[in-house]
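Chains, contacts and geometry: an overview
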Amino acid sequence: MAGSHPYFNLPDFTQPSPPSTPPSLPSHQRCRPSDATKGLLVALLGGGLPAGFVGPFSRMAYQASHLPSLELLICRCLFHLPIALLLKLRGDPLLGPPDVRARACLHALLNVLSIGCAYSAVQVVPAGNAATVRKGSSTVCSALLALCLESQGLSGYDWCGLLGSTLGLIIIVGPGLGTLQEGTTGLYTALGYVLAFLGGLALSLGLLVYRSLDFPSCLPTVAFLFGLVGLVGSVPGLFVLQTPVLPNDPLSWSCVGAVGILALVSFVCVSYAVTKAHPALVCAVLHSEVVVALMLQYYVLYETVAPSDIMGAGVVLGSIAIITAQNLSCEREGQVEE
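Values in this document were obtained by computation on a predicted structure and should not be read as measured data.

The subject of this paragraph is the UniProt feature "transmembrane region" (unreviewed entry) in the protein. Under the UniProt annotation, the feature "transmembrane region" (unreviewed entry) is placed at residues 39–57, 159–178, 190–210, 222–245, 251–274 and 281–300. The span residues 39–57 carries 100% helix and 0% strand; its end-to-end C-alpha distance comes to 26 Å. End C-alpha atoms of residues 190–210 are separated by 30 Å, and the span's content is 100% helix alongside 0% strand.

Here is the structure:
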């Protein structure tokens with residue numbers, strides 16, 4: 001019979017087929033990350049990790065050639081100016097549409113103030129501690145501002161991760177705040193912590209302003225405006241408040257170039273992430289910068305890292321894992337409900 005021939009051994013279509021998976025739950029979509037998770041991953045890998053190198057490299061440049069903070073800010077702003085070529089090629093206005101131009105410039109000004117405070121703080125305070133205070137204040141301020149101005153709520157797991165990351169920062173910086181020296185040295189150290197706090201406050205305000213911007217080429221426009229506003233404000237301030245220094249060693253130039261490139265990458269990634277996730281969660285994930293800065297502080301700058309720093313860094317990493325896992329699980333539950 002033809003059916004017994006090996007080439008005609010076809011499956012019997014008269015038998016019932018096994019039950020198939022419902023079309024609403026394809027296997028390749030069950031664990032697809034949500035937009036919030038994508039934003040948090042971008043903030044972690046592209047925002048927090050590169051930014052962790054900026055503080056130690058800035059301190060190395062200052063120790064090598066006493067490079068002023070405003071001069072370092074000017075060098076960083078120069079890396080943002082070539083973005084104008086991209087805007088010109090796309091035919092977009094350099095300063096953004098007229099109706100949102102004021103807010104875009106305000107966002108740039110707030111970021112310049114935040115970075116300027118951070119660079120000034122890192123010259124008198126250990127890089128890890130300065131990053132800790134700045135990120136901690138930005139997280140708390142972002143949560144409060146988002147609740148007050150945007151009425152955005154957070155889930156219980158998000159609050160747990162947010163409070164845990166803040167607790168980790170307190171563990172890191174608390175012992176140092178309790179042992180400030182008296183006299184001029186203690187005054188400069190306290191001023192450095194105040195500048196780091198103000199830098200975090202300005203960063204949280206800048207993130208909220210950026211979330212209100214919605215126009216084509218928003219990201220390259222605000223990146224260019226950061227460089228433009230930073231140059232306009234920093235160049236006069238450098239000659240009035242500080243003394244310009246021309247580095248003459250390769251180490252200083254290497255640190256300046258690394259700061260400019262890494263800071264630009266971090267700026268772009270954080271600006272993208274804040275449009276996908278809650279600003280407070282983005283700031284909490286950016287606490288990874290503190291962990292990287294502490295590692296470089298110990299292995300590169302040979303500065304002391306206390307046991308409390310290690311304990312606080314572990315708490316921060318655990319909190320980041322909670323926040324990321326919660327957003328991923330919410331997307332999985334949404335797929336099941338559908």
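Next, the rest of the story.
Okay, the nonpolar core next. Residues Leu 40, Leu 73, Tyr 119, Leu 213, Phe 226 and Val 282 are the most contacted members of the largest nonpolar core, which totals 67 residues. Counting residues in hydrophobic clusters, the runner-up holds seven residues, among them Ala 121, Val 125, Ala 130 and Ala 196.

With 31 residues, helix H1 (residues 35–65) ought to run about 45 Å at 1.5 Å a step, and its terminal C-alpha atoms sit 44 Å apart, in line with that. Maximal helix bending in H1 amounts to about 30°, located at Ala 43. One or two steps after H1, the chain reaches His 66, where phi turns positive at roughly 55°.

We now examine the packing of aromatic side chains. Applying the stated criterion across every chain yields a total of three aromatic pairs. Each ring, one from Phe 53 and one from Phe 57, has its centre 6.0 Å from the other, and the planes form 45°; the classification is tilted. Here Phe 53 pairs with Phe 57, and both are found in helix H1, just four residues apart, close to one helical turn. Ring geometry for Phe 226 against Phe 267: centres 5.3 Å apart, planes inclined by 40°, an arrangement best described as tilted. Of the two residues, Phe 226 is situated in helix H8 (residues 218–241) and Phe 267 in helix H9 (residues 250–273); the sequence distance between them amounts to 41 residues. With relative accessibility at 0%, the residue Phe 226 sits in the buried group. We classify Phe 267 as buried; its relative accessible area is 7%.

About the criteria used
- Throughout this description, residue numbers start from 1 for each chain and increase along the sequence as written.
- Per-residue local features are limited, in this predicted model, to residues with pLDDT of at least 70; the limit for side-chain atom pairs, both in listing and counting, is 80 or more; totals at the level of whole chains, interfaces and linings are taken over all residues.
- To get the side-chain values, take all heavy atoms of the structure and skip hydrogens and water.
- UniProt positions are given in the numbering used here, feature names are shortened, and annotations may be inferred rather than shown by experiment.
- Secondary structure elements are defined from DSSP: runs of H or I of at least 4 residues count as helices, runs of E of at least 2 residues count as strands, and each element is numbered from the N terminus.
- Take the buried residues of types Ala, Val, Leu, Ile, Met, Phe, Trp, Tyr and Cys, join any two whose side-chain atoms come within 4.5 Å, and each joined set is a nonpolar core.
- Exposure classes here rest on a 1.4 Å probe applied to the protein chains alone. A residue is buried below 20% of its type maximum, exposed above 50%, and partly exposed in between.
- Multiplying 1.5 Å by the residue count of a helix minus one yields the expected span of that helix.
- In this scheme, the bend at a residue equals the angle between the axes fitted to the seven residues that finish there and the seven that begin there.
- When two rings of Phe, Tyr or Trp (its six-membered ring) have centres within 6.5 Å they constitute a pair, described as stacked for plane angles under 30 degrees, edge-to-face for angles over 60, and tilted for the intermediate range.

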